[in-house]
Structures are given as C-alpha cells and as structure tokens.
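# Results of the structural survey
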Amino acid sequence: MTRIDLHTHSAVSDGTDAPAHLVEHAVAAGLSVVALTDHDTFDGLTEAEETAARLGIELLPGVEISAQVRGVSVHLLGYGCDTEDDALLDELAKIRKGRERRVPAMLAKLDALGLPLTMDDVAAQAGDSPSVGRPHVADALVARGYLASRDEAFATLLADDGPAFVPRYGVPLARGIDLIHGAGGVAIIAHPWGRVSRGVLDTKSLRRLADVHELDGIEVDHGDHDEATRQKLRALAERSGLLTTGGSDYHGAGKVGHDLGSETTAPAVWTEIERRLC
Ligand code: AMP
Ligand code: ZN
Ligand code: FE
Ligand code: FE
C-alpha cells in the first residue's frame, strides 16, 4: 500500500529529528512518499533528499511558509519549488528575520512574568536552526524547569492569546501563493480550519484564492480538523476544484503533531501533484 505523508518538520525548523533521521523514521513507519516541510526554510532538503535516495523512499521537497490574512497567521505549504528562486528566497529571508526580531520581545514579556530566559537559553534549543520559533522558547522554558512540556507552554504562556505571545511578520497569503507558483511549485493551504486560521479563511475567500490565484489545494486530513470539519472542507474543495491533501505535521517523537503517517494523502492526489510539477 502506498502511504504518503506530505507535512513534516525537522530540527532545521522546530522539529527534533535531523533531516536524515526524519527520512529514516519515515522508512521505518512504512511510508513510500514523505514531504519535508520545514517552516520558512529549504535548508534541510539536501540532506533529506540524499538520505531518501540512499534508502529508496520518495522525498517531496517542501516548505511551510508563514503567511497571514488581515494579520491572522495562515500556513502555506509549497511543494517542489525551485529552491534558488530569488523572489521566494528573499521573502523567506524576510519572514525568518521577523522570527528573530520577535524573540527579544517574548523574552521581555517572560521576564515581566518572573520567568527570565536569555537569548542563549533559546539558542541552545534552536541549535543552528535558521527559523527560530515559539517551540524553541517553549523548550527553553522547559529546560529552565519553569514548565513541564512544550504543550504546557502553548496551553498557557505562548498561546496566541497568551501573556508572552508576540506576533511576527507573515507574507500576505495571496502573494505567498503567487511566489510558490513563480518558483514552479504547488501551493496548498495547511490546516485551513485549524486553531488559528479558521476565522479568516471562509468558503468565499478559499474560492477566490482558487479562482484568482490558482491555489492548488487545501490540507484536509490534519490533526487540527475534526471529522465534521474534514467533510465540509472536502465538499468545498470539490466545488472549487481544489486538491485535498493530508499530513501528520510530525515534529519529532513526543512533540505536537502526530506520528509519521498518522494522516496521509491519497495516491491519486500525489499523482496529480507530481503531474503539476513536471
Ligand atoms: P511560531 O511559528 O513561532 O509562532 O510557532 C508556531 C508553531 O508552534 C507551529 O507552527 C507549531 O509548529 C508549533 N505549535 C503550535 N501549537 C502548538 C502546541 N499546542 N504545542 C506545541 N507546539 C505547537
Ligand atoms: Zn512547527
Ligand atoms: Fe502549520
Ligand atoms: Fe507544520
């Protein structure tokens, strides 16, 4: 059976597996296709591709771009993009800069809450990731013994309405889609009706993105969507000519997102993505 997981993160962003290990784990999980979709960086793709070629699993190069609609965060998956496309690389660099800039502001808020952390504490968790994020701050809080887990940090201090939350730059969604297409890639909105983006992506706006920006599809099978949500999204996709994908959003053992292969993409959709990338 072909098992296809099109949404995973490595330690190059906020996952915990090195790209090579993630690919090894994908083989062990019985996947035939895995996409690496780190946040706002292509840096893990070469290592993942080399490992995949050696182990005989198909690696779809991807990225999960931090986008926004009216200031609300939306995640956009780009598959098969030219990783040397200047316009896309410039935008990813701008997003990563925004990630770096917000860390001191989060640390100031934590300090005011009596939970001081240093930039070194965060750097120790981020390692050489070029894409620093809340999960690294969460891990630093855990390492200092303030909290028990990433989950606890996201449930309290670092939640989008939490006392230590600081927003950051994201590319306007429609421009993100255009940039992916400009780089020859396929654009899929990640977990559109998940925790955060549900409020800004109504049926009408998804249709408009499909019609005007040729959005390729939406991720339907994701842990953030319950069964009723999946059914509604599938119906919407059918009416709007959108592909529907699935992915685990794996971040490493014990982290948010599920095990590799816990959500999958249908083989026919995978074939269509491959066709669009040719
Ligand atoms: P950031 O992009 O830095 O604002 O951080 C958001 C990222 O944190 C998401 O992309 C997820 O990878 C991760 N995340 C979101 N919610 C949770 C959670 N409840 N527990 C752990 N990590 C989470
Ligand atoms: Zn993540
Ligand atoms: Fe996401
Ligand atoms: Fe993700």
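Residues numbered from 1 in each chain as written. Chains lettered and ligands numbered in written order. Predicted model: local features only at pLDDT ≥ 70, side-chain atom pairs only at ≥ 80, totals over all residues. Heavy atoms only, no water.

## Notes on the pattern of salt bridges
This structure, assessed with the given rule, holds 13 salt bridges. Put simply, Arg-99 and Asp-40 hold a salt bridge, and the shortest N to O gap is 2.9 Å. On the criterion of sequence distance, the pair formed by Arg-99 in helix α3 (residues 86-112) and Asp-40 in the loop between β2 (33-36) and α2 (45-55) is long-range, its members being 59 residues apart. The class for Asp-40 is buried, based on a relative accessible area of 0%. A salt bridge links Asp-221 to Arg-234; the nearest nitrogen and oxygen atoms lie 2.9 Å apart. Of this pair, Asp-221 sits in strand β7 (residues 217-221) while Arg-234 sits in helix α9 (residues 227-240); the two residues are 13 residues apart in sequence, bridging distant segments of the chain. A cluster of three or more residues bridged by salt bridges with shared partners is formed by Asp-216, Glu-272, Arg-275 and Arg-276. (Salt bridge = Lys/Arg side-chain N within 4 Å of Asp/Glu carboxyl O. Helix = DSSP H or I, 4+ residues; strand = E, 2+ residues; numbered from the N terminus. Buried < 20%, exposed > 50% of the residue type's maximum accessible area, 1.4 Å probe, protein only.)

## Some thoughts on the coordination of the zinc ion (ligand 2)
Only Asp-14 (OD), Asp-14 (OD), His-39 (NE2) and His-251 (NE2) from the protein reach the zinc ion (ligand 2) as donors, at distances of 2.0 to 2.5 Å. Donor residues for the zinc ion (ligand 2), ordered by position in the chain, follow D-x24-H-x211-H. In this structure, the zinc ion (ligand 2) lies 6.0 Å away from the iron ion (ligand 3). Of the two residues, His-39 sits in the loop between β2 and α2 while His-251 sits in the loop between β8 (243-246) and α10 (267-277), which places them 212 residues apart along the sequence. A residue is classified by how much of its surface remains accessible, and His-251, at 6% relative accessible area, is buried. (Donors = N, O, S within 2.8 Å, 3.2 Å for Na, K, Ca; no water.)

## A few points about the site of ligand 1
Of all residues adjacent to ligand 1, which total 14 residues, the nearest are His-39, Arg-102, Arg-134, Arg-168 and His-251. Measuring from an oxygen atom of ligand 1, one finds a side-chain N or O atom of Arg-99 at 3.1 Å. Interatomic distance of 2.8 Å between a side-chain N/O atom of Arg-102 and an oxygen atom of ligand 1. Within the complex, 89% of the 500 Å² of free accessible area of ligand 1 lies under protein. Looking at the shell around ligand 1, the elements with two or more residues in it are α3, α5 (134-143) and α6 (150-155). Considered class by class, the residues forming the shell around ligand 1 number 3 nonpolar, 4 polar and 7 charged. (Near = heavy atom within 4 Å. Polar contact = N/O pair within 3.5 Å; in protein donor to acceptor, adjacent residues only side chain to side chain. Areas by Shrake-Rupley, 256 points an atom, 1.4 Å probe, with all protein chains shown as cover. Nonpolar A, V, L, I, M, F, W, Y, C, P; charged D, E, K, R; others polar.)

## A few points about helix α8 (residues 203-213)
Of the residues making up α8, those classed as buried are Leu-206, Leu-209, Ala-210 and His-213. The buried residues of α8 occupy an angular sector of 115° when projected down its axis, which confines them to one face. Turned more than 90 degrees away from the buried face of α8 sit Lys-204, Arg-208 and Asp-211, all of them exposed. In this structure, the buried residues of α8 make contact with α7 (173-182), β6 (186-189), β7 and α9. Backbone geometry just downstream of α8 places Glu-214 in the positive-phi region, at approximately 55°. (Arc of directions from axis to C-beta. Contact = heavy atoms within 4.5 Å.)

## A closer look at the coordination of the iron ion (ligand 4)
His-7 (NE2), His-9 (NE2), Glu-64 (OE) and Asp-249 (OD) make up the full set of protein donors to the iron ion (ligand 4), lying at 2.0 to 2.2 Å. Viewed at the metal, the 4 donor atoms of the iron ion (ligand 4) are separated by angles of 79 to 164°, and the geometry they form is irregular. All donors of the iron ion (ligand 4) come from a single chain, and their spacing in sequence reads H-x1-H-x54-E-x184-D. The two metals, the iron ion (ligand 4) and the zinc ion (ligand 2), are separated by 4.6 Å. Remark: Asp-249 occurs in the loop between β8 and α10 and Glu-64 occurs in strand β3 (residues 58-69); sequence separation between them is 185 residues. On the accessibility criterion, Asp-249 (10% relative accessible area) is buried. (Tetrahedral: all angles 85-135°; square planar, octahedral: opposite > 155°, others 65-115°.)

## Details of the packing of helix α1 (residues 19-28) against α2
Orientation of α1 relative to α2, taken along the N-to-C sense of each, is 35°, at an axis distance of 8 Å. Of the two possible hands of crossing, α1 and α2 adopt the one that is right-handed. Residues Pro-19, Ala-20, Val-23, Glu-24 and Val-27 of α1 pack against Glu-47, Ala-48, Thr-51, Ala-52 and Leu-55 of α2. (Axes fitted to C-alpha atoms, helices over the stretch in contact; angles between N-to-C directions. Left-handed = near helix turned anticlockwise from the far one by under 90°.)

## Focus on α1
Within α1, the full set of buried residues consists of Pro-19, Ala-20, Leu-22, Val-23 and Ala-26. Taken down its axis, α1 places every buried residue within 160° of arc, on the same side. In this fold, the buried residues of α1 make contact with β2, α2 and β3. Following α1 by one or two positions, Gly-30 has its phi on the positive side, about 80°.

## Considering a negative patch on the surface
Together, Asp-82, Glu-84, Asp-86 and Asp-90 make up a negatively charged patch on the protein surface. Along the chain, the position of Asp-82 falls in the loop between β4 (72-79) and α3. Residue class for Asp-82 comes out partly exposed when judged on its relative accessible area of 39%. (Patch = residues over 30% accessible without salt bridge, like charges linked within 9 Å, V, L, I, M, F, W, Y side chains within 5 Å. Lys, Arg positive; Asp, Glu negative; His and termini not counted. Charge placed at Lys NZ, Arg CZ, Asp CG, Glu CD.)

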